[in-house]
Amino acid sequence: MENAAVASETSKRGRVLEAATAEGVPSKSSGSVVERSARNAREQQDQGSGDDSFDDDDTVPDEEPTLRPKRRRGAGYGAAGVGREDLNLMEVVKSDGKLIHVAVKQWVERYEKNAISAMGELLMMLFEACGAKYELDADSLDETDVDDVVLALVELARNGEVEDLYNSKLKELRNFKENLSSFWDNLVLECQNGPLYDKILFEKCIDYIIALSCTPPRVYRQVASLVGLQLVTSFIAIAKTLGTQRETTQRQLNAEKKKRNDGPRVELLNKRLSAAHENINVLEEMMRKIFTGLFMHRYRDVDPSVRMSCIKALGVWIVSYPSLFLQDLYLKYLGWTLNDKSAVVRKTSVLALQNLYEIDDNVPSLSLFTERFCNRMIELADDIDVSVAVSAIGLLKQLLRHQLLTDDELGPLYDLLIDEPPLIRRAIGELVYDHLIAQKVSGAQSASRGEDDESSEVHLGRMLQILREFPTDPILSAYVIDDVWDDMKAMKDWKCIVSILLDENPMIDLNDVDATNLVRLLYASAKKAVGEKIVPTTDNRKPYSNKAQKEALENNRREITSAIMKSYPHLLQKYIADKAKVSPLVEIVVLLKLELYTLKRQEQNFRTILELIFDAFFKHGEKDALRSCIKAITFCSSESQADLQDFAQNKLKELENELVTKLKIAMKEVAMGADEYSLLVNLKRLYEVQLTKYVASDGLFEDLTNTLSGLSDTGDEVMAFLLLNMYLQVAWCLDSIDGENPNDASVLAVLSKRNTLFQHLERFLNSLSDVKGKGRNLLASRVCVILAEMWCLFKRSKYVSTKLENLGHSPNYATLQKFWKLCERQLNVSDETEDEDANEEYIEETNRDTIVIAAAKLVAGGTVSKDYLGPEIISHFVMHGPSVTEIIKHLITVLKKNVNDDLYPMFLEALKRAYQRHLVNFPSNDDESSTSKSLADCRELAVRLSGTFIGAARNKHRVQVLKIVNDGISFAYIDAPKQLSFLEAAILPFVSKLVTTDIVDILKDVEKRIENVNTDIDPSGWRPYYIFVDHLREKCAKNEGLQVLFA
């Protein structure tokens, strides 16, 4: 297809060249090269040199200086080291490139002596750069047809006689592309005072370059495109120099005319002006010829790198030479390639447009282009390729700066503020800051803005307007803050933020929503300043910081502490009762440099802060507020210094004592029939404290046990938190035992508490198994998780042959079965039947993921026998969404490392369990969709499990796969044809992993099993058998055909 496309372009090129000839631009040379070269030289002498430079005054020097090419590094070395020996052009290009300028200078000298021979040498160098060895007859160069030569070159490529230097990975050719471009650039510069305008040398070169660019061999098109695009770029550089000279000459001519001088000076200036104009026309004509003959075909080449080079070059041309290229005739190609299938081409087009819009003077000429392609530019902000999307967002910033986009068009972009790739979020954050917060625009409006408009208060006010869109979701607010933080300095103006929160700043009148958002902003900004993450991320690794970065973060911590040290207590006092604000406000303590309270004599403020946090802990019962208070006080008790540390530790102990007192009072009140709200709140508080540290209190575990035993008609949440606190008491007591020298009394106490908790958990296990309901049961989820954690905590193998051997425990088979059935019931609860009234505070601790993780830990850690629980868990591999799937996939990976070949019988058992669930649904369920889903789940499970045997694993585990297939066939024939659908659903994916000889044996086995069976009695029941057999036969026939083909 590539050859056909390029062949078509070759014919188009022929028509283009014919048209060019008709216009007076020859496609192949006519007449003697020497004659035309001499004739053009004489014409230039008559007209005067068009490349002379003039000063910016009104006088013309008597002797006109000739414009000389800039001396380049290596020229002196070339003259001294090379001597009289001429350099081979191709060898210079293939080398390190230091002698390119010398080689070009020598070639121009040869051209001036013998134009035909030098031109043949240059063209053969071009062919050799394409990788082809082709000898041109210099004597007949004028009569040689370009197309005949190119067809011969194509034939060389077809015969494999071409060396691809362009794409070579050889070390000595690593600079080949750069050197080739440099060679042609130097050639244009060296020829600017002579052969460049003779309409012979470069016309002939351009004919061959265009012809090569339209050929099937990709390397020809790549090299020709590189050279052709570089020629236009070099022509532009010369044309710009000539344009400057033309303007200078015109200015000098106007000065002479004002003096009314009609002497030889005016005539000379007129000749030079005319010569400069004609030379510019010659260059522009060659630019148009290359654009028409090369660019218009290659910008849609099948090779993305060629397309990218074309678009990159066009972007440079338009910016550097707008007088010719800044028009819709050329701009449209940038717009069309915004839809290119290659991401690198789309990105190149976007970057080229960024450079265009960056120049204010270009914008009026881009109005029609902007109107036509604006929607596509906006769409690219959500491109599938992240780098393209980020570049497109940068382009949209330019459009906004010129006020070329409306707010309605920007609306969908703001959704990207919470997009997953951080690079896109950062780019959108910059756009939001520039457009909505800093309100950067080009032109007079930007210049007329005053100092006040740039104040922190104004920027914070605009930020609050944005955050009003997310009043109830702190996560979304954190995303927006994270995206804008790097650009918005007002977020680091801690004193300004605090003064606004304390109503000390009259510029901003806060309502409750704004105050909540500003508190979140203060906390999130402070976290960012000290190097902590404020949004969820898939990369949980701690970011590396060098010494300078660590010092910067420490300085930020000091600045925050110094800025809010005195006002922080007032903030806490004002918002202590507001549950939406108290959590982020309290956690700010963790970000402070506490030693400054001692150094700056602010001990009283520190004590006031701790007192207020202490009060907040007992004023609130929500998870976030409680967790923040405990975190803050614990941090203060460990990080503060001297007397302040003692005060913090005493305050933490005081909190524990008061909490235990309140809890015991609440338990007594509930036992007497009072409302259980106070008990629930204090159980939550105790749970949050125990997640951090051990709360040692005489009789606390017994009180919790008695309350749990005495509650018969109470909410599941209360019983769940009673069990949680009992579990944490057991875990902390076990942790406090010295394993080397255990105290007998401590061991007996732990043993007693362990047995008591197991009794209660098993009681709930039995009672909850009989509970009927469609929704997820909070207590059942808690029981499953706690029971699994207890079995892991007291795993028998952990304590064997130790002084704590009596603490080992292993569940019996019946208890394990009940445990899994309860887990399975919770897993099977659909999202649609979730209890809407359930407390979502701790939902992440009772969802499917938590239950599967708890069960998987038992198998992965060897806490219970994998023979039962392993297949049961794996049978749910594809049933409950991607998160559960990933957990079970990780379990299989762990089991592969630990149990080796014992894993594969588990695969077959898992398939049997999944299939048996289908059989249970099949006769009793009238819902065909549910039945088909259960069979589809079984089939998908088989596909995923068989997918673990890929690559080398197919040969390594061939015996295990064959055993799975054979045992699965035996299972399918039990009570045939009832279970024959197991063949199609569960065994077929594994058959595809076997070699042909094994498949032939399996085919013989399954056919032998029905030799004396009349399958016509139940055709539908035996249909899965025939489907299975047909698949085996097809597989055998396909493999035999391949063997014959490659024999």
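Here is what the cut-offs are and how they apply
- Residues numbered from 1 in each chain as written.
- Predicted model: local features only at pLDDT ≥ 70, side-chain atom pairs only at ≥ 80, totals over all residues.
- Heavy atoms only, no water.
- Helix = DSSP H or I, 4+ residues; strand = E, 2+ residues; numbered from the N terminus.
- Contact = heavy atoms within 4.5 Å.
- Phe/Tyr/Trp six-rings, centres within 6.5 Å; stacked < 30°, edge-to-face > 60°.
- Buried < 20%, exposed > 50% of the residue type's maximum accessible area, 1.4 Å probe, protein only.
- Lys NZ or Arg CZ within 6 Å of the ring centre and 35° of its normal.
- Core = buried A, V, L, I, M, F, W, Y, C linked by side-chain atoms within 4.5 Å.
- Domains from an automatic or database assignment.
- UniProt positions renumbered as here; feature names shortened; annotations may be inferred.
- 1 Å grid on protein atoms, 1.4 Å probe; cavity = no way out; pocket = protein on both sides within 12 Å on 5 of 7 lines; lining within 4 Å.
- Points joined across faces, edges and corners; volume = space filled by probe spheres on them.
- Nonpolar A, V, L, I, M, F, W, Y, C, P; charged D, E, K, R; others polar.
- Axes fitted to C-alpha atoms, helices over the stretch in contact; angles between N-to-C directions.
- Parallel < 35°, antiparallel > 145°, perpendicular 65-115°, else oblique.
- pLDDT = per-residue confidence, 0-100.
- Expected span 1.5 Å × (residues − 1).
- Polar contact = N/O pair within 3.5 Å; in protein donor to acceptor, adjacent residues only side chain to side chain.
- Left-handed = near helix turned anticlockwise from the far one by under 90°.
- Salt bridge = Lys/Arg side-chain N within 4 Å of Asp/Glu carboxyl O.
- Arc of directions from axis to C-beta.

(A) Geometry of the overall build of the protein chain. Each helix and strand in the protein chain was counted, giving 48 helices and zero strands. Here the analysis covers contacts within the protein chain between residues at least 6 apart in sequence; of these, 74% occur between residues at least 24 apart.

(B) Spatial organisation of the packing of aromatic side chains. One pass over the structure, following the stated rule, counts 35 aromatic pairs. Centre to centre, the rings of Trp-317 and Phe-325 are 5.6 Å apart; their planes meet at 35 degrees, and the pair counts as tilted. For the pair Trp-317 and Phe-325, a shared accessibility class is recorded, and that class is buried. Aromatic pair Phe-721 and Tyr-842: ring centres 5.2 Å apart, planes at 75 degrees, arrangement edge-to-face. Here Phe-721, found in helix 34 (residues 716–735), pairs with Tyr-842, found in the loop between helix 38 (813–827) and helix 39 (848–860); they are 121 residues apart in sequence, far enough to count as distant. Here the aromatic cluster, defined as three or more aromatic residues joined through ring pairs, consists of Phe-291, Phe-295, Tyr-299, Trp-317, Phe-325, Tyr-330, Tyr-333 and Trp-336. Here the basic side chain of Lys-651 rests over the ring of Phe-614, its NZ or CZ set 4.7 Å away from the ring centre. Geometry around Phe-877 places Arg-944 over its ring, the cationic atom sitting 5.1 Å from the centre.

(C) Representation of the nonpolar core in the model. If you look at the biggest cluster of nonpolar residues, it comprises 337 residues, and the most contacted ones within it are Trp-184, Phe-235, Phe-325 and Phe-819. A domain split of this core shows at least three residues from each of domain 1 (300–317 + 326–421) and domain 2 (865–1046). Dropping the residues within four chain positions of it, Phe-325 is found in contact with Val-232, Ile-236, Met-287, Phe-291, Trp-317, Ile-318 and Tyr-330.

(D) Region of interest: the UniProt feature "coiled-coil region" (unreviewed entry) in the protein chain. Under the feature "coiled-coil region" (unreviewed entry), the UniProt entry names residues 638–665. Within residues 638–665, the helical portion is 93% and the strand portion 0%, while the C-alpha atoms at the span's ends are 31 Å from each other.

(E) Molecular detail of the layout of surface pockets. Volume-wise, the largest pocket comes out at about 1100 Å³. Lining the largest pocket are 30 residues; nearest its centre among them are Pro-474, Ile-475, Ser-583, Pro-584 and Asp-624. Of all the elements in the fold, those that place two or more residues in the lining of the largest pocket are helix 22 (474–484), helix 24 (512–529), helix 27 (579–587) and helix 30 (623–639). No other element matches the six residues that helix 30 contributes to the lining of the largest pocket. Within the lining of the largest pocket, the residues separate by chemical class into 12 nonpolar, five polar and 13 charged. In this structure, the second largest pocket spans a volume of roughly 890 Å³. Taken together, 29 residues line the second largest pocket, and the ones lying closest to its centre are Gly-531, Glu-532, Lys-533, Lys-542 and Pro-543.

(F) The side chain of Asn-517, seen in detail. The topology assignment puts Asn-517 in helix 24. Taking relative accessible area as the criterion, Asn-517 reaches 1% and is therefore assigned buried. Those residues within four positions of Asn-517 in sequence are excluded, and the remaining contacts are Leu-464, Leu-467, Arg-468, Phe-470 and Ser-477.

(G) Representation of the packing of helix 5 (residues 100–113) against helix 6 (residues 115–129). In contact at an axis separation of 6 Å, helix 5 and helix 6 are set at 140 degrees when each is read in the N-to-C sense. Taken as axis vectors, helix 5 and helix 6 run oblique relative to one another. Residues Trp-107, Arg-110, Tyr-111 and Lys-113 of helix 5 form the contact with helix 6, whose participating residues are Ala-115, Ala-118, Met-119, Glu-121 and Leu-122. Here the contact of helix 5 with helix 6 is composed, by residue class, of six nonpolar, no polar and three charged.

(H) Structural context of the environment of Gln-230. Looking at where Gln-230 falls in the secondary structure, it is placed in helix 10 (residues 218–258). Through-space distance from the C-alpha of Gln-230 to that of Ser-182 is 8.5 Å; in sequence the pair is 48 residues apart. Every residue in contact with Gln-230, bar those within four places of it in the chain, is listed here: Ser-181, Trp-184 and Asp-185.

(I) Broad picture of the confidence of the model for the protein chain. Overall, the predicted model of the protein chain reaches an average pLDDT of 83, with 86% of residues at or above 70. Here residues 1–84 is a poorly scored stretch, pLDDT under 50, and it has 135 contacts once near neighbours within four places are set aside; other chains count. Confidence over residues 1041–1047 falls short of pLDDT 50; this stretch has one contact with residues more than four positions distant or in other chains.

(J) How the structure looks around helix 38. In this model, helix 38 (15 residues) spans 21 Å end to end at C-alpha, consistent with the 21 Å of a helix rising 1.5 Å per residue. Its side-chain oxygen placed 3.3 Å from the backbone nitrogen of Ala-814, Asn-812 serves as the N-cap of helix 38.

(K) Local environment of the packing of helix 21 (residues 456–467) against helix 23 (residues 494–501). Viewed as axis vectors pointing N to C, helix 21 and helix 23 meet at an angle of 65 degrees, and their least axial separation amounts to 10 Å. Pair helix 21 / helix 23 crosses with right-handed handedness. In this structure, helix 21 uses Ser-456, Glu-457 and Leu-460 to contact helix 23, whose residues at the interface are Cys-496, Ile-497 and Ile-500. Of the residues assigned to the contact of helix 21 with helix 23, the class counts are four nonpolar, one polar and one charged.

(L) Just the environment of Gly-194, in detail. For Gly-194, the location among the structural elements is in the loop between helix 8 (176–190) and helix 9 (201–213). Judged by its relative accessible area of 19%, Gly-194 is buried. The spacing of Gly-194 and Val-108 is 86 residues in sequence and 9.5 Å in space, taken between C-alpha atoms.

(M) Focus on the pattern of salt bridges. Scanning all chains against the criterion turns up 51 salt bridges. Ionic pairing is found between Arg-288 and Glu-285, a salt bridge with its closest N-O pair at 3.8 Å. With Arg-288 and Glu-285 both in helix 11 (residues 264–298), this residue pair falls three residues apart, about one helical turn. By relative accessible area, Glu-285 is classed as partly exposed at 35%. Linking Lys-623 and Glu-844 is a salt bridge whose minimum nitrogen-to-oxygen distance equals 2.8 Å. Taken together, the residues Lys-623 in helix 30 and Glu-844 in the loop between helix 38 and helix 39 connect sequence positions 221 residues apart. The partly exposed category is assigned to Glu-844, whose relative accessible area is 38%. Linked by salt bridges that have partners in common, Arg-425, Arg-426, Asp-482, Asp-483, Asp-486 and Lys-528 make up one network.

(N) Local environment of the environment of Ala-914. Relative to the helices and strands, Ala-914 is located in helix 42 (residues 903–924). Residues Ala-914 and Ala-942, 28 residues apart in the sequence, show an inter-C-alpha distance of 9.7 Å. In contact with Ala-914, not counting residues within four places along its chain, are Ser-875, Cys-938 and Leu-941.

(O) Quick look at helix 33 (residues 700–710). Every buried residue belonging to helix 33 is among Leu-700, Phe-701, Leu-704, Thr-705, Thr-707 and Leu-708, and all of these are buried. Relative to the axis of helix 33, the buried residues are bounded by an arc of 165 degrees and lie together on one face. Residues of helix 33 that are exposed and point more than 90 degrees away from the buried face comprise Asn-706 and Gly-710. On the buried face of helix 33, the contacting elements are helix 31 (642–671), helix 32 (677–690), helix 34 and helix 35 (744–769).

(P) How the structure looks around the side chain of Arg-307. Among the structural elements, Arg-307 can be located in helix 12 (residues 304–320). Here Arg-307 falls in the buried class, since its relative accessible area comes to 4%. Excluding residues within four positions of it along the chain, Arg-307 makes contact with Arg-298, Tyr-299, Arg-300, Asp-301, Val-302, Asp-340, Lys-341, Ser-342 and Val-345.

(Q) Main features of unusual backbone geometry. Unlike most non-glycine residues, Gln-403 shows phi in positive territory, near 60 degrees. Summarising the element assignment, Gln-403 is placed in the loop between helix 17 (386–401) and helix 18 (407–410). With a relative accessible area of 46%, Gln-403 lands in the partly exposed category. One non-glycine residue, Arg-601, lies in the positive phi region at around 60 degrees. Along the chain, Arg-601 falls in the loop between helix 28 (595–599) and helix 29 (603–619).

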